[in-house]
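Descriptive structure summary
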Amino acid sequence: MVHRYRYNEVLVYISVSEVAMIIRTSSEIYLDANATTPVLSEAAQEAHDAMEDLFGNPSSSHISGLRARFILESARDLVSEVLGAGKGQIVFTSGATEAIQMGVFSTLCEVREHRAAGKLSSEKRTLLYAATEHKAVPQSIEHWNQLLGVNNEILQIPVDCNGQLDLEFLKAHAASADLICTMAVNNETGVVTDLARVEEAIRSVNSSVRWLVDCVQAVGKMKLDLAATTIDYAPVSGHKIYAPKGIGLLYVRESTPLVPLLTGGGQEQGARGGTENLPGVAAIAAVMRKLVESKTYTFSDEKVLKGFRSQLMNSLTSAFPTIEFNVALEHSVSTTINFAVKGFPSKELLDLFDAAGVRVSSGSACGSAVRGSYVLEAMGLPRWQSDGAIRMSFGPLTSESEIVAACERIEQAGQALCDSCLVVSNDAESLPGQEVDGLIQLKNGSMCTWLLMDSKSKQCVVIDPFEELAERAESIIRCQKSNVIAILDTHAHVDHDSCRKMLLKVIGQYAADSAETEDELGWPQIPDGIAILEDGSEAPYLRVSDQWVIAQADLPGHTLLGRVYLVGQLAEGGHLKAADVELAFPGDTILIGGIGRTDFPCSSIEEMYKSLQQLPRLICPSTTIICPTHDYNNDFSTTLTSECVENEFLRSILDDEVTFEQFAEKKPVIDAGISDATNSELVCGLINADGSDNSTIEISRDQLKQFFVEHQDSLIIDVREPHEFAFAQDWTELGFDSPPENIPLTRLAGYLPGLLKAYRNAPQDVIFLCRSGRRSGAAASVARRIGIESARHIGGGIALNLKNKCVAKSEYENMGYMI
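A brief report on the enclosed structure follows.

So, on to the overall build of the protein. What the protein contains, in helices and strands, is 24 helices and 32 strands. Every one of the 819 residues in the protein was classed for burial, and the buried ones make up 57%. Taking as baseline every contact in the protein between residues at least 6 positions apart, the subset at least 24 positions apart corresponds to 70%. Counting only carbon and sulfur atoms, one obtains 49% of the accessible surface of the protein, whose full area is about 33500 Å².

Summed over the entire model, instances satisfying the criterion amount to 14 aromatic pairs. Taking 6.1 Å as the distance between ring centres and 10° as the angle between the ring planes, the aromatic pair formed by W523 and Y565 counts as stacked. Remark: Y565 occurs in strand β22 (residues 563–568) and W523 occurs in the loop between α15 (500–507) and β19 (529–533); sequence separation between them is 42 residues. Neither W523 nor Y565 differs from the other in exposure class; each is buried.

This part covers the pairing of strand β16 (residues 447–453). Every regular strand shows the same layout, with side chains that alternate between the two sheet faces. A large share of β16 lies buried, amounting to seven of its seven residues. The two faces of β16 match: M447, T449, L451 and M453 on one face and C448, W450 and L452 on the other face are all buried. Inspection of the sheet shows strand β15 (residues 438–444) paired to β16 by seven bridges, in the antiparallel sense. Residue pairing across strands places L442 opposite T449, the latter belonging to β16. The hairpin formed by β15 and β16 contains two residues between the paired strands, and G445 there has a positive phi angle of roughly 65°. Judged from the four bridges that link them, β16 and strand β17 (residues 459–463) form a sheet pairing that is antiparallel. Bridge assignment links W450 to a residue of β17, and that residue is I463. With antiparallel pairing between neighbouring strands as the criterion, β16 and β17 make up a hairpin whose turn holds five residues, including K458 at a positive phi of roughly 70°.

So, on to helix α8 (residues 278–293). The terminal C-alpha atoms of α8 lie 22 Å apart, and with 16 residues this matches the ideal 22 Å at 1.5 Å per residue to within 8%. Of all 16 residues making up α8, twelve are buried, and the element is well covered by its neighbours. Looking at the buried residues of α8, the elements they touch are α2 (41–52), α3 (63–83), β4 (89–93) and β10 (248–252). Of the residues flanking the start of α8, the one acting as N-cap is N277, its side-chain oxygen 3.1 Å from the backbone nitrogen of G280. Remark: K295 follows α8 within two positions and exhibits a positive phi of approximately 75°.

Take the side chain of S332 next. Position of S332 among the secondary structure elements: in the loop between β11 (323–325) and β12 (336–341). Assessed through its relative accessible area of 12%, S332 is described here as buried. Setting aside chain neighbours within four positions, we find S332 in contact with T189, G190, V191, V192, R309 and V327.

You can see I788 is positioned in the loop between α23 (774–785) and β32 (791–793). When residues no more than four places from it in sequence are discounted, the contact partners of I788 are L755, L756, Y759, V766 and A783.

Quick look at the sheet that holds strand β14 (residues 390–393) now. The strand order β11-β12-β14 describes an open sheet built from three strands, whose pairing is antiparallel. Each having just a single partner strand, β11 and β14 make up the two edges of the open sheet. Taken over all neighbouring pairs, the strand axes of this sheet differ in orientation by 35° on average, direction set aside. Two elements, β11 and β12, share three bridges in a ladder whose sense is antiparallel. Counterpart to F325 in the pairing with β12 is F339. Those strands touched by helix α10 (residues 346–355) are β12 and β14, and its axis lies near 40° from that of β14.

Further remarks concern the pattern of salt bridges. Evaluated as defined, the whole model comprises 37 salt bridges. Its salt-bridge partner being R775, residue D351 comes within 3.4 Å of it at the nearest N-O pair. Here the residue D351 occupies a position in helix α10, and R775 occupies one in helix α23, the gap between them amounting to 424 residues. Here the two residues D351 and R775 agree in accessibility, since each one is buried. Here D489 and R500 are joined by a salt bridge, their closest N and O atoms 3.3 Å apart. Taken together, the positions of D489 in the loop between β18 (483–488) and α15 and R500 in helix α15 put the pair eleven residues apart, joining distant regions of the chain. Neither residue differs from the other here; D489 and R500 are each classed as buried. Because the salt bridges share partners, they merge into one network encompassing E28, K347, D351, D354, R359, E724, R771 and R775.

This part takes up the sheet that holds β15. The strand order β15-β16-β17-β18 describes an open sheet built from four strands, whose pairing is mixed. Both outer strands of the open sheet, β15 and β18, are each paired with one neighbouring strand and no more. In this sheet, neighbouring strand axes are inclined to one another by 20° on average, regardless of whether the strands run parallel or antiparallel. Bridge count for β17 against β18 is five bridges, and the pairing is parallel. Looking at β18, one finds that Q459 is bridged to N483. The sheet strands contacting helix α14 (residues 467–480) are β15, β16, β17 and β18, and the helix crosses β16 at an angle near 15°. Packing against the sheet, α15 makes contact with β17 and β18, and its axis sits at approximately 165° to β18.

Conventions adopted
Residue numbers here run from 1 along each chain, matching the order of that chain's written sequence. Local features are withheld for residues below a pLDDT of 70 in this predicted model, meaning they are given only at 70 or higher, and side-chain atom pairs are given and counted only at 80 or more; totals for whole chains, interfaces and linings count all residues. Processing note: side-chain calculations cover all non-hydrogen atoms of the structure and skip hydrogens and water entirely. What counts as a helix is a DSSP run of H or I of at least four residues, what counts as a strand is a run of E of at least two, and both are numbered from the N terminus. Burial status follows relative accessibility: with a 1.4 Å probe on protein chains alone, a residue under 20% of its type maximum counts as buried, one over 50% as exposed, and anything between as partly exposed. Residues are treated as being in contact if the distance between any of their heavy atoms lies within 4.5 Å. Here the Shrake-Rupley method, with its probe set to 1.4 Å, supplies the accessible areas, and only the displayed protein chains count as covering residues. Only centres within 6.5 Å qualify two rings of Phe, Tyr or Trp (six-membered ring in Trp) as a pair; their planes then separate them into stacked at under 30 degrees, edge-to-face at over 60, and tilted for everything else. Between any two strands, at least two bridges found by DSSP are needed for them to pair. Between the first and last residue of a helix there are one fewer steps than residues, each counted as 1.5 Å, and that sum is the expected span. Within 3.5 Å is the distance limit for a polar contact, defined as a pair of N or O atoms, with the added protein rule that one can donate a hydrogen and the other accept it, and that residues adjacent in sequence qualify only through two side-chain atoms. Interaxial angles span 0 to 180 degrees and are taken between N-to-C directions of axes, which are lines fitted to C-alpha atoms, for helices over the stretch in contact. Whenever a carboxyl oxygen of Asp or Glu lies within 4 Å of a side-chain nitrogen of Lys or Arg, that contact is scored as a salt bridge.

Here you go:
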């Protein structure tokens, strides 16, 4: 079987066998067992035997069929023993999601039947589920409630800060409920539900309501005795307990109705039509047999697992000093650790762990799109903990050697963050692992804070500080032992204060006297000199390095008080020519894909019109890189020329084709199209999404090495962050003589002026790389936008194409590679 990966630029074909080969040869530490587990060797062998030797149909009456039937029923007996099912029914399914559907469907069919027969009161009826349930539960309830025409009210059962159900709410609503869904162990946090107390709360007010309990994360981790409870349905998934994907089961309490989702054939005692998945059943039987043999119906001794958890937590605490564990240990199973690191979004930590060869997740694999956790939000945790949540889950069969290796790798990851200045060492005299030169972009949502740094002079200028990014900026400044000569805002809103003064306070000794100023936007009282701009006007400047000065010019409109900061090289006579301006920071006057809004009380349409016409007189439209205050589509940076190509209205303004009267008439209409309600942040302009570039290279993985061998003369850039790049890769596997250049995406804007200049002087192929292809795709898009037409990237990234050796940086350098 061949998988076809298609991204913006490079189309890569890769087969299942090739993926397996990569995994076998990589140094991977798997800590995402709540998402799926490896298949137990005994289970794999049983599945293989069922496919190769015992392949009969369990419904057949001949000997081959009888052998298959024996496997099926033996497995059912084993499952029944492990779950304590008693006389309850065990139905094999394709997985837990199907099992959940069966329970919900059966219940709502019963409700509809009783309603038609007049057996239910006319009072308002409800369907209840815990706020932290796996999404398969509420989505199943919503689907069948609507499709079957039951139309009950659906309510979430709140949880407290420990993830425990609000039992008073449950009691208050259980009497009118037709279905209640809870879970034994939460898949994101590992929180264990006190099912005895939940049962007491339910049955004290409603003895007949159907109760579904998700047991997916409980089997093998705790002893279950379902028949001793009033639980009606309990779904279980095979691939969470060392069986293959595609096999699961549903426990159904004795006398509880079960309406088949699939009919035809009468299999599973008529509960589920279709020939049974015998290899899957044989595999899950092997797992259940192992649990039965343990006598405790669990995979491992709880004390051992708690010890493993302590080792991991100690390493995490050492690696990440600002870590917060999101769940108290006494409330969770020992195999799940949920945490957040202050100042780090989950996406950044996922990339770091992945580079280190440690596989973790940001939450449920079925809903993981690297966004805030609804589970932690339901628990009332702060937004930063939800947005930064990482789930580290190890299987109960994990060995001590695997835990030791994981701890070592976690501590290496923490050191990589120290080396890249994102975590400051406790040693005040320590030197940074990497000296930072040029421009750094810090982002939180659409908000951009820019750090202009010079490693030689240690001078630093901060542009557009945001409170959400202040801690990250502070870490870099302290680590680099920078001398912050200015903290600048590009504009001022009357309804909120800048965090400039707060940042000044926290960086303390690293703030130069010049940064202490009464200027509303932070410009120092005494500049280093006066530059003459392209339009002949004079502008005060600060010298940042031997190469760069930063000058300021007024640019009002979005707000009445607004400026643009121009970074470039002074020519003879103190001239800062437009062609020499490499970077421009216009605030929200120019946005990528739009123009700043002018409908604030502090805005001026007239001043905006003047500023838009003034800006191209100060910078070079085709080469000056524009770095906005907000970046709504992860486009990073742009040029005026590029914006004019995408924005006809802007082009017509800059070309004097639009009078002020026409501008004043059209601009309010544009601003009226802005919708703040759909965003968590105030939107500072109407943004049009940039059109995608669909030029592609079709290449198989077998050809990829040859592709790079033939492109040794190309400029190949790895845009991963330094703390990811620090983990050495076997670049020779892809045909490299030496590692590619590492230009992190957060520093790309400062690199673009030189790249554009070099490309114009001597055009060459520019190929971007990253882990998954997303960041390299963004980098290629930015490069193409500013005029580097040969920019491409490897779609799908290097994750499937490169062996992660995870050796120490010094060892890698000893091989002859410099990082």
